[in-house]
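Examining the three-dimensional arrangement
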Amino acid sequence: MTMATARHILVDSERQCVELKNQIEQGANFADIAKQYSNCPSGQDGGELGEFGPGMMVPEFDKVVFSAPLNQVQGPVQTQFGYHLLEVTSRSE
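As a starting point, this report considers the structure included with it. Remember, it's a predicted structure, so these values are computed and weren't measured experimentally.

What counts, and where the lines are drawn
- Residues numbered from 1 in each chain as written.
- Predicted model: local features only at pLDDT ≥ 70, side-chain atom pairs only at ≥ 80, totals over all residues.
- Heavy atoms only, no water.
- Salt bridge = Lys/Arg side-chain N within 4 Å of Asp/Glu carboxyl O.
- Helix = DSSP H or I, 4+ residues; strand = E, 2+ residues; numbered from the N terminus.
- Buried < 20%, exposed > 50% of the residue type's maximum accessible area, 1.4 Å probe, protein only.
- Phe/Tyr/Trp six-rings, centres within 6.5 Å; stacked < 30°, edge-to-face > 60°.
- Pairing = 2+ DSSP bridges.
- Axes fitted to C-alpha atoms, helices over the stretch in contact; angles between N-to-C directions.
- Contact = heavy atoms within 4.5 Å.

Pairs can form between side chains of opposite charge once their charged atoms are near each other. According to the stated counting rule, one finds two salt bridges in the structure shown. Linking Glu87 and Arg7 is a salt bridge whose minimum nitrogen-to-oxygen distance equals 2.5 Å. Here the residue Glu87 occupies a position in strand β4 (residues 82–92), and Arg7 occupies one in strand β1 (residues 3–11), the gap between them amounting to 80 residues. Accessibility assignment for this pair places Glu87 and Arg7 in one class, buried. With a shortest N-O distance of 3.4 Å, Arg15 and Glu19 are connected by a salt bridge.

With that out of the way, let us pick up the packing of aromatic side chains. Applying the stated criterion to the full structure yields one aromatic pair. With a centroid separation of 6.2 Å and 85° between ring planes, the pair formed by Phe52 and Phe66 is classed as edge-to-face. With Phe52 in strand β2 (residues 48–52) and Phe66 in the loop between α3 (59–65) and β3 (74–79), this residue pair connects regions lying 14 residues apart in the sequence. Its relative accessible area of 22% is what places Phe66 among the partly exposed residues.

Next up on the list: the sheet that holds β3. Here we have four strands laid out as an open sheet, ordered β2-β1-β4-β3, and antiparallel in their pairing. On the outer flanks of this sheet lie β2 and β3, each paired with one strand and no other. Each strand of the sheet is rotated relative to its neighbour by a mean of 35°, with strand direction disregarded. Two strands pair when backbone bridges link them, and β1 and β4 are joined in this way by nine bridges, in the antiparallel orientation. Note on β4: the bridge partner recorded for Leu10 is His84. Contacts between helix α1 (residues 14–25) and the sheet are confined to β1, β3 and β4, with β4 contributing the most and set at about 45° to the helix. The strands touched by helix α2 (residues 30–37) are β1 and β4; relative to β1, the strand with the most contacts, the crossing angle is about 50°.

This is the structure:
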């Protein structure tokens, strides 16, 4: 089974998500932004979600995590929880 590791930032609005993505693209540290802004408890760990397989996260999340290039910030991705920035840090078959 394919497994992946990823980190994310969860916020309430698409606008804030885009603003944070711009900050990261301009050199801000992903983990620092996660610690400061993420609504998810994983934010305190820099947004780290650990390793997981298909079906362990919501479908919108899986779609990105199992198709996006590694180490590139993706998003905003909308789920029932809010808006996410995602970065896939590894993926293995």
